[in-house]
Amino acid sequence: MLSSNSGNIANNLAQIHKNISDLCQTWHRKVEDVQLLAVSKTWPVEDIRAAFNAGQTCFGENYLQEAVNKINDLHELEIEWHFIGAIQSNKTRELAEHFDWVHSVDRLKIAHRLSQQRQPSLPPLNICLQVNISQEATKSGLSLNQLPSVVDEVISLPNLALRGLMAIPAKADKLDAQREALAKLRQALTKLQLTHPQLDTLSMGMSDDMEAAIAEGSTMLRIGTAIFGERKLSGL
Ligand SMILES: *Cc1c(COP(=O)(O)O)cnc(C)c1O
């Protein structure tokens, strides 16, 4: 775990809300249509508490064991927990038990397991399908071609609520290049909405491509670094 930097977190959050609101004006988006998910991977529970005390209620985590420990530690807070990391099929039960959302469903098998393992007494598990928009061999995610048939199948599963699409595009520095990748996800969702109007979520946009994401219709920004600071551990 990294050391806590709670002092800056409330300021960072205020700055990000200001940025989101300015960008929504620039790109003609309604600010209430763009949610902020705080990505707290590698940061200690004190930092999550600091963000929560500053009004942030949705948190995203990538590593299951770390996440479950935090969820247990913070069970007294009304936090909505989102899983955004790679999914191993033998870990789906814990995801189904502990999370409100899973953004990174990248194969049918995972969706079936999550539906089977979600307690019917809980609200349906909200999920997004992860799409490999940059067609990178190293990135997980469904191809755009696979999407329609996977959506038709996932939408019928009983204990899931399919909410939309998620992507992690290849890194690009320029706004235009960032937008080009993210536009593919927006277009894919728009097409699916013709037959499935309940799909309402475009999970895209991180600290470095927030403006492109807002311009291209993101409804949920996943922001880590700009809230909590640089993650110092390699590979995270
Ligand atoms: C770490 C992570 C983020 C946050 O990235 P930042 O650049 O720190 O804002 C968003 N989405 C996913 C899937 C991540 O793994």
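Structure: see above.
What counts, and at which threshold
Numbering of residues starts from 1 in every chain and runs along the sequence as written. Selection of residues for local features in this predicted model requires a pLDDT of at least 70, selection of side-chain atom pairs for listing and counting requires 80 or more, and totals for whole chains, interfaces and linings are taken over all residues. Side-chain measures were taken over the full set of non-hydrogen atoms in the model, leaving aside hydrogen atoms and water. By nonpolar core is meant a set of buried Ala, Val, Leu, Ile, Met, Phe, Trp, Tyr and Cys residues that side-chain atoms within 4.5 Å join together. Exposed residues in this analysis have more than 50% of their type's maximum accessible area, buried residues have under 20%, and partly exposed residues fall in between, with area computed by a 1.4 Å probe over protein chains only. Here, residues are in contact when the closest pair of their heavy atoms is within 4.5 Å. Points on a 1 Å grid, built from protein atoms alone, make a cavity when a 1.4 Å probe fits but cannot get out and make a pocket when they are open with protein on both sides within 12 Å along at least 5 of 7 lines; residues with an atom within 4 Å of a point are the lining residues. Grid points are joined across faces, edges and corners, and a volume is the space filled by probe spheres set on the points. A run of DSSP states H or I qualifies as a helix once it reaches four residues; a run of E qualifies as a strand once it reaches two. Both are numbered from the N-terminal end. We call Asp, Glu, Lys and Arg charged. Ala, Val, Leu, Ile, Met, Phe, Trp, Tyr, Cys and Pro are nonpolar, and the rest, Gly among them, are polar. Whether two strands pair comes down to DSSP finding at least two bridges between them. Centres within 6.5 Å make a pair out of two Phe, Tyr or Trp rings, where for Trp the six-membered ring is used; the pair is then stacked when the planes are under 30 degrees apart, edge-to-face when over 60, and tilted otherwise. Handedness of a crossover is defined as follows: orient the strands so they point away from the viewer, and if the path from the first strand over the helix to the second runs clockwise, the crossover is right-handed. In protein, a polar contact requires one atom able to donate a hydrogen and another able to accept it; more generally it is a pair of N or O atoms within 3.5 Å, and residues adjacent in sequence count only if both atoms are side-chain atoms.

Q: Explanation requested: the nonpolar core in the structure shown.
A: Where a protein is soluble and globular, its nonpolar side chains tend to be buried together. Leu 129 and Leu 165 are the most contacted members of the largest nonpolar core, which totals 66 residues. In this structure, Leu 165 is in contact with Cys 128, Leu 129, Val 131, Leu 147, Leu 185, Ala 188, Leu 189, Leu 192, Thr 201, Leu 202 and Ser 203, ignoring residues within four places of it in sequence. In terms of nonpolar packing, the next biggest core, distinct from the first, is built from 8 residues, Val 39, Cys 58, Ile 84 and Trp 101 among them.

Q: Where do I start with the layout of surface pockets in this structure?
A: It is the rolling of a water-molecule-sized probe over the atoms that shows where space remains empty. Approximately 840 Å³ is the volume attributed to the largest pocket. Lining of the largest pocket is provided by 33 residues; of these, Lys 41, Ile 168, Lys 171, Met 206 and Arg 231 occupy positions nearest its centre. The greatest single-element share of the lining of the largest pocket, amounting to 4 residues, is contributed by helix 7 (residues 175-195). When the residues that make up the lining of the largest pocket are grouped by side-chain class, the tally is 14 nonpolar, 10 polar and 9 charged. By volume, the second largest pocket is sized at about 220 Å³. Sorting the residues of the lining of the second largest pocket by element identifies helix 6 (147-154) and helix 7 as the ones contributing at least two each. The dominant element in the lining of the second largest pocket, judged by the number of residues it contributes, is helix 7, at 6 residues. A breakdown of the residues in the lining of the second largest pocket according to their chemical character gives 5 nonpolar, 3 polar and 3 charged.

Q: Help me understand the pairing of strand 4 (residues 101-105) in this model?
A: Looking along a regular strand, one sees the side chains alternate between the two faces of the sheet. Summarising burial for strand 4: 5 of the 5 residues are buried, a large majority. Taken together, the 2 bridges between strand 3 (residues 80-83) and strand 4 define a ladder with parallel strand orientation. Across the sheet, Phe 83 pairs through a bridge with Val 102, a residue of strand 4. Summarising the sheet, strand 4 and strand 5 (residues 125-130) pair through 3 bridges and their orientation is parallel.

Q: In this structure, what is going on with the packing of aromatic side chains? I would like to understand it.
A: The geometry of two aromatic rings is summed up by the distance between their centres and the angle between their planes. According to the stated counting rule, one finds 3 aromatic pairs in the structure shown. Taking the centre distance of 6.5 Å and the plane angle of 25° together, the rings of Trp 43 and Phe 228 count as stacked. With Trp 43 in the loop between strand 1 (35-39) and helix 2 (45-53) and Phe 228 in helix 9 (residues 225-228), this residue pair connects regions lying 185 residues apart in the sequence. In this structure Trp 43 comes out as buried when scored by relative accessible area, which is 1%. Residue Phe 228 is classed as buried on the basis of its relative accessible area of 0%. Considering the side-chain rings of Phe 59 and Trp 81, the 6.1 Å spacing of their centres and the 40° angle between planes classify their relative orientation as tilted. You can see Phe 59 sitting in strand 2 (residues 58-61) and its partner Trp 81 sitting in strand 3, a full 22 residues away along the chain. Owing to a relative accessible area of 0%, Phe 59 belongs among the buried residues under this scheme. Residue classification places Trp 81 among the buried positions, given a relative accessible area of 4%.

Q: When you look at the pairing of strand 6 (residues 160-166) in this model, what are you seeing that I'm missing?
A: Burial of strand 6 is extensive: 5 of the 7 residues sit out of reach of the surface. Here 6 bridges tie strand 5 to strand 6, and the two strands are oriented parallel to one another. What sits directly across from Leu 125, in strand 6, is Leu 160. A crossover connection joins strand 6 to the parallel strand 7 (residues 201-203) through helix 7; in handedness this β-α-β unit is right-handed.

Q: Please explain the side chain of Gln 130 as it appears in this structure.
A: With respect to the helices, strands and loops of the structure, Gln 130 is situated in strand 5. On the accessibility criterion, Gln 130 (6% relative accessible area) is buried. Within the structure, the side chain of Gln 130 is placed 3.4 Å from the backbone oxygen of Ser 140, a separation counted as a polar contact. Once residues lying within four places of it in the same chain are set aside, the contact partners of Gln 130 are His 103, Ser 104, Val 105, Asp 106, Ser 140, Gly 141, Leu 142, Met 166 and Ile 168.

Q: Help me understand the environment of Gln 15, please; the structure alone is not making it clear to me.
A: Here Gln 15 is to be found in helix 1 (residues 6-26). Since its relative accessible area comes to 45%, Gln 15 is described here as partly exposed. Between the alpha carbons of Gln 15 and Ile 227 there is a distance of 9.0 Å; along the sequence they are 212 residues apart.

Just geometry here; none of it tells us what the structure is for.
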